[in-house]
Amino acid sequence: MSLLVVGLSHRSAPVSVLERASLSADAQVKLLQDTVAAEPATEASVLATCNRIELYADVDKFHAGVAELSTLLAQHSGVGLEELTPYLYVHYEDRAVHHLFSVACGLDSMVVGEGQILGQIKDSLARSQELHTAGRLLNDLFQQSLRVGKRAHSETGIDRAGQSLVTFGLEQLARGADVGTWARGKKALVVGAGSMSSLAAATLARAGVTEIVVANRTSERAERLAQILTGSDETGVRARAVPMGSVPFELTRADIVVSCTGATGIVLTADAIAAGIEGRTGEPPATRPAAEPDAPAGGTTLPPASPGAEENCPLDLSAVQPGFSVMGEAAVAGMDAATLEQHAAWAAGSAVERREGRRGVEVDAELIGALAATAASAGRIPERRRPEPVAEPPRPEPVQFLLDLAMPRDVDPAVHRLAGVRLVDIESLADASADAPMAADVDQVRRIVSDEVAAFGAAQRAAHITPTVVALRTMAADVVAGEIARLEGRLPGLDDKHRAEITQTVRRVVDKLLHAPTVRVKQLAAEPGGAGYADALRTLFNLDPETVASVSRAEESTENAETEGRHD
């Protein structure tokens, strides 16, 4: 097994990079085709979701495989290789298996335990099978990852460790309130009719919204989703489909807007949202001012200190409060006496010209001298004179809630500055979920993953030697057949009964001689480092490599036919 995965996710790359690197459906197809056409790779699958892009391949050379897969990801994502490389991660063989199994269980998701990733893995496998880029290794790997993910969800409470991205996003919109209470009676607009949008619509229906309007570029998909929602006896929600051109009007009616399309550009602009708010309230929404740095105490605005701004200063300038002179009392608060002496020497020798207009260097020297006396008796400079906290002005209660689950984003981030609007997008979800509590069930899922990785590796190593064992037994059967034919030539009068008895006896002898070594070699091959036993067996018995290869091809063709039959 030479499994390699190269990818990037919300854990390794900022949202801005993931957004630019996202792959359309056509780009994924082309990436798969180019990967298997490349020299190091014989199989390939792409797992592309809103917060990860991963390319899996069976390669014959590690370093060449990493270089080729990285280059192909850069080419098809449109992000330059030099820019993309710092955000890429690489997993090989058992580590690659461990990674995919962890992904399938929701351990690597933005919201731990979410189950939507299983559907995305299934879609990835189906795409690879349809394009014939997945062979035995990736078929086995992805199918087993689905089984591992289902096992984790059925045997543990991993679902309690986190919710689906949709549910988590709605919880962020509700800001701690019960989602059902918050959503009850509201009207919702869902832009897009794909799997994520459908999940969002179903979640909103269960939460108690009174109406769901679905807008999509393909009217048939929007109508089908609306019919499914309307036909549910569980929710009783009203649902209808509208064309994309009706979205501006629907924005004047919707309390909740969820958008998740496959568009490559902004779908809901700040102007469109502002116009929708104006249609609801009768006046345009105010724009929140950009955040301003806090002013220092005393009312005097001083240039902020920053790391490296003052040459040779012994002070850790990164810890200095913004807006304070590095010469002032706040800059040295908490400093010990020895460091203070260094700071005093630096201050006395610093350029006076740069500080003219602030205070005289003599005043600074006097202050440092007084502080040094305090440090001598107290041990450290007491921390005094800090900026007073600036009270944040109250914001109006939102009149519209937006959840952007698309990658690249559908909603203009400038919407964040519109008063009366609350926007939660992939970036803010990543920030909010970074500190989400981990359930105790996560440890149990990790143990499941570790056990399943070991079992998968053993099965793959055992499978690797099976064609060699089959070829050995085939060779033995040919030897038996040849010797029986020779015996018949020497004893032409041998009757059928004796011939059958002799044939059976010879076969039993051969089977008994081969049984123990073939069973043992399968056991040894299943252990780590056991790949060499197949080579040893071929060498010891002088097996024809082409015979072994033909057995492998026959087994793989049978497995592929069975897999395709299950998906028909």
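The rules behind the values
Numbers given for residues are sequential positions, taken from 1 along each chain in its written order. Local features are withheld for residues below a pLDDT of 70 in this predicted model, meaning they are given only at 70 or higher, and side-chain atom pairs are given and counted only at 80 or more; totals for whole chains, interfaces and linings count all residues. With hydrogens and water stripped out, all remaining heavy atoms of the structure feed into the side-chain values. UniProt positions are given in the numbering used here, feature names are shortened, and annotations may be inferred rather than shown by experiment. Only DSSP runs of H or I covering at least 4 residues are called helices, and only runs of E covering at least 2 are called strands; the numbering of each starts at the N terminus. A 1.4 Å probe rolled over the protein chains alone gives each residue an accessible area, and that area as a share of the maximum for its type sets the label: buried under 20%, exposed over 50%, partly exposed in between. Whenever Lys or Arg places a side-chain nitrogen within 4 Å of a carboxyl oxygen from Asp or Glu, that contact is recorded as a salt bridge. Here, a strand pair is defined by DSSP locating no fewer than two bridges between the strands. For helices, the fitted line uses only the C-alpha atoms of the stretch in contact; every axis is such a line through C-alpha atoms, and the angle between N-to-C directions lies from 0 to 180 degrees. The contact rule is simple, with two residues in contact once any of their heavy atoms fall within 4.5 Å.

Under an unreviewed UniProt entry, the name given to the protein chain is Glutamyl-tRNA reductase, and the organism recorded is Streptomyces sp. SID14436. Entered under Sequence similarities (unreviewed entry) in the UniProt record, the comment concerning the protein chain runs "Belongs to the glutamyl-tRNA reductase family." The protein chain has a UniProt comment under Pathway (unreviewed entry) that states "Porphyrin-containing compound metabolism; protoporphyrin-IX biosynthesis; 5-aminolevulinate from L-glutamyl-tRNA(Glu): step 1/2."

**Student:** In this structure, what is going on with the environment of Gly-80? I would like to understand it.
**Tutor:** Along the chain, the position of Gly-80 falls in the loop between helix H3 (62-77) and helix H4 (81-84). Gly-80 gets classed as partly exposed once you look at its relative accessible area, which sits at 37%. As a C-alpha pair, Gly-80 and Ala-21 span 59 residues in sequence and 9.6 Å in three-dimensional space.

**Student:** Sorry if this is basic, but what is going on with the pattern of salt bridges here?
**Tutor:** A side chain of one charge can pair with a side chain of the opposite charge if their charged atoms are brought near each other. Using the criterion set out here, one finds 21 salt bridges in the structure. Of the charged contacts, one joins Arg-151 and Glu-452 as a salt bridge, the two residues approaching to 2.8 Å between their closest N and O atoms. Here Glu-452 lies in helix H19 (residues 441-490) and Arg-151 lies in helix H7 (residues 136-155), a separation of 301 residues in the sequence. Judged by its relative accessible area of 14%, Glu-452 falls in the buried class. A salt bridge links Glu-211 to Arg-253, with the nearest nitrogen and oxygen atoms 3.1 Å apart. In this pair, Glu-211 sits in strand S6 (residues 211-215) while Arg-253 sits in the loop between helix H13 (247-250) and strand S8 (256-259), placing the two residues 42 residues apart along the sequence. Judged by relative accessible area, which is 7%, Glu-211 ranks as buried. In this structure, a network of salt bridges that share partners links the residues Arg-11, Arg-52, Glu-54 and Asp-108.

**Student:** Which parts of the structure should I look at to understand the environment of Ala-241?
**Tutor:** With respect to the secondary-structure elements, Ala-241 resides in strand S7 (residues 238-242). Since its relative accessible area comes to 31%, Ala-241 is described here as partly exposed. Along the sequence, Ala-241 and Ala-222 sit 19 residues apart, while their C-alpha atoms lie 5.4 Å from each other.

**Student:** Help me understand the sheet that holds strand S2 (residues 41-49), please; the structure alone is not making it clear to me.
**Tutor:** Note: strands within a sheet are paired through backbone hydrogen bonds, in either parallel or antiparallel orientation. Read from one edge to the other, the open sheet built from four strands follows the order S2-S3-S1-S4, with strand pairing classed as antiparallel. Among the strands making up the open sheet, the edge pair consists of S2 and strand S4 (89-92). Looking at each pair of strands side by side, their axes are set apart by 15° on average, direction ignored. Pairing between S2 and strand S3 (residues 52-59): eight bridges, direction antiparallel. Opposite Ala-41, over in S3, you have Val-59 as the bridge partner.

**Student:** What am I meant to see in the sheet that holds strand S10 (residues 421-424) here?
**Tutor:** The strand order across the open sheet built from six strands is S7-S6-S5-S8-S9-S10, with neighbouring strands paired in parallel fashion. The open sheet has two edge strands with one neighbour each: S7 and S10. The mean inter-strand angle of the sheet, taken between neighbouring strand axes irrespective of direction, is 15°. Sheet analysis places strand S5 (residues 187-191) next to S6, joined by five bridges and oriented parallel. Along S6, the bridge assignment pairs Leu-189 with Val-213. Each of S5, S6 and S8 is contacted by helix H11 (residues 195-207), which is oriented at about 170° to S5, the strand it contacts most.

**Student:** Is there a simple way to explain the pairing of S3 in this structure?
**Tutor:** Side-chain positions along a regular strand alternate between the two faces of the sheet. Judged by how many residues are buried, S3 sits mostly within the fold: eight of eight residues are covered. Side chains Arg-52, Glu-54, Tyr-56 and Asp-58 of S3 all project onto a buried face; the interleaved residues Ile-53, Leu-55, Ala-57 and Val-59 project onto the opposite face, where all are buried too. With seven bridges connecting them, strand S1 (residues 3-9) and S3 associate as antiparallel partners. What sits directly across from Ser-9, in S3, is Arg-52.

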